[in-house]
Amino acid sequence: MKNYLMIFFSLILFSCQEEITLDLPQSASKLVVEGYIEPGFPPYVILTKNQGYFDPIDPNTYNDLFVTDAESVIVWYYNDNGEKEIRILERIEGLDSLPPIYTVSVSDYDFLDENPSPYEFSKAERTYYLEIKWNNDTITAQTFIPKATPLDSLWVEQSETADSTYKCDIRAVYSDPADQQNNIL
């Protein structure tokens, strides 16, 4: 009886297989923009191209995704006088395995200084604009850097689950103001 049941279930499970082939249209080449701007630091942008979900992946795929030929990448804000404060972002080749990024000129900000001073262009409570020109297209974006709400307190205590005495947890208390967005960094 057991053998008949096994054969019956095997036939049901193995006889219900059918190969499905999806013929999806090729997607147009689009620009993917990943940009960052934080108070006290220079803005930077990483540009890549989209890739189809079922596109083949080979050793060159990673390098072919990055855009290194943008015509221009510009970030600006309007100062108190209504004038544009502009930064033109230049392409800097990635170090080691990092991708190429667009950021301010090395002469404009010393990235290698051990104690760099805060970057004055990027400040809280300002609206910033981004414009990228690539392949006869203009891509624009804007963002606002909100004022960060400080932590109420911060302390370190030994972890309750640690197997040695030097493993600790960092704990914080944060009062979330009801009339503000959550702007903790």
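Chemist: Quick rundown of the pairing of strand β2 (residues 44-49)? Include the residues and the values.
Modeler: Pairing of strand β1 (residues 31-36) with β2, which is carried by 6 bridges, proceeds in the antiparallel orientation. The residue of β2 that forms the bridge with Leu31 is Lys49. With 2 bridges connecting them, β2 and strand β6 (residues 101-103) associate as antiparallel partners. Paired with Val45 across the strands is Tyr102, a residue of β6.

Chemist: Explain the environment of Tyr62 to me, and be specific about the residues and the numbers.
Modeler: Inspection of the secondary structure assignment puts Tyr62 in helix α2 (residues 61-65). Between the C-alpha atom of Tyr62 and that of Pro99, which follows or precedes it by 37 residues, the distance is 9.3 Å.

Chemist: Please give an account of the environment of Ile46 that cites residues and values.
Modeler: Within the secondary structure, Ile46 sits in strand β2. In this structure Ile46 comes out as buried when scored by relative accessible area, which is 14%. For the pair Ile46 and Tyr102, spaced 56 residues apart in sequence, the C-alpha to C-alpha distance is 6.3 Å. Leave out the neighbours within four places in its chain, and Ile46 touches Val32, Val33, Glu34, Phe66, Pro99, Pro100 and Ile101.

Chemist: Can you break down the sheet that holds β6 residue by residue, with the values?
Modeler: Strands sit in the order β1-β2-β6-β5 across an open sheet of 4 strands; the sheet is antiparallel. With one partner strand each, in any of the chains shown, β1 and β5 (90-92) form the two edges of the open sheet. Within the sheet, the average angular offset between the axes of one strand and its neighbour, ignoring direction, is 30°.

Chemist: Explain the sheet that holds strand β4 (residues 84-88) to me, using residue names and the numbers behind them.
Modeler: Pairing within the open sheet is antiparallel, and its 4 strands lie in the order β4-β3-β7-β8. Looking at which strands have only one partner, the edges of the open sheet turn out to be β4 and β8 (137-145). Here the strands of the sheet are splayed against their neighbours by 20° on average, with no regard to which way each runs. Relative to β8, strand β7 (residues 126-134) runs antiparallel, the two sharing 9 bridges. Note that in β8 the partner of Arg126 across the bridge is Ile145.

Chemist: Run through the nonpolar core, naming residues and quoting values.
Modeler: Formed by 19 residues in total, the largest nonpolar core has its most connected members in Val45, Leu47 and Val73. Put simply, the parts of the chain that give this core at least two residues each are β2, β3 (72-78) and β7. When residues in this core are grouped by element, the largest group, 4 residues, is from β7. In this structure Val45 touches Val33, Glu34, Gly35, Val73, Leu89, Ile101, Tyr102, Leu130 and Ile132, once residues within four positions along its chain are discounted.

Chemist: Got a sec to walk through a nonpolar patch on the surface? Specific residues and values, please.
Modeler: Judged by side-chain polarity, Ile20, Leu22, Leu24, Tyr53 and Phe54 come together as a nonpolar surface patch covering roughly 700 Å² of accessible area. Position of Leu24 among the secondary structure elements: in the loop between α1 (2-15) and β1.

Chemist: Break down the pattern of salt bridges for me, with residues and values.
Modeler: Applying the stated criterion across every chain yields a total of 3 salt bridges. Between Arg171 and Glu157 there is a salt bridge, and its shortest N-O distance comes to 2.9 Å. Of the two residues, Arg171 sits in strand β10 (residues 168-173) while Glu157 sits in strand β9 (residues 153-158), which places them 14 residues apart along the sequence. A network of salt bridges, in which partner residues are shared, links Glu157, Asp169 and Arg171.

Definitions and limits used
- Residues numbered from 1 in each chain as written.
- Predicted model: local features only at pLDDT ≥ 70, side-chain atom pairs only at ≥ 80, totals over all residues.
- Heavy atoms only, no water.
- Pairing = 2+ DSSP bridges.
- Helix = DSSP H or I, 4+ residues; strand = E, 2+ residues; numbered from the N terminus.
- Buried < 20%, exposed > 50% of the residue type's maximum accessible area, 1.4 Å probe, protein only.
- Contact = heavy atoms within 4.5 Å.
- Axes fitted to C-alpha atoms, helices over the stretch in contact; angles between N-to-C directions.
- Core = buried A, V, L, I, M, F, W, Y, C linked by side-chain atoms within 4.5 Å.
- Patch = residues over 30% accessible without salt bridge, like charges linked within 9 Å, V, L, I, M, F, W, Y side chains within 5 Å.
- Areas by Shrake-Rupley, 256 points an atom, 1.4 Å probe, with all protein chains shown as cover.
- Salt bridge = Lys/Arg side-chain N within 4 Å of Asp/Glu carboxyl O.

Taken by themselves, the reported measurements are silent on function.
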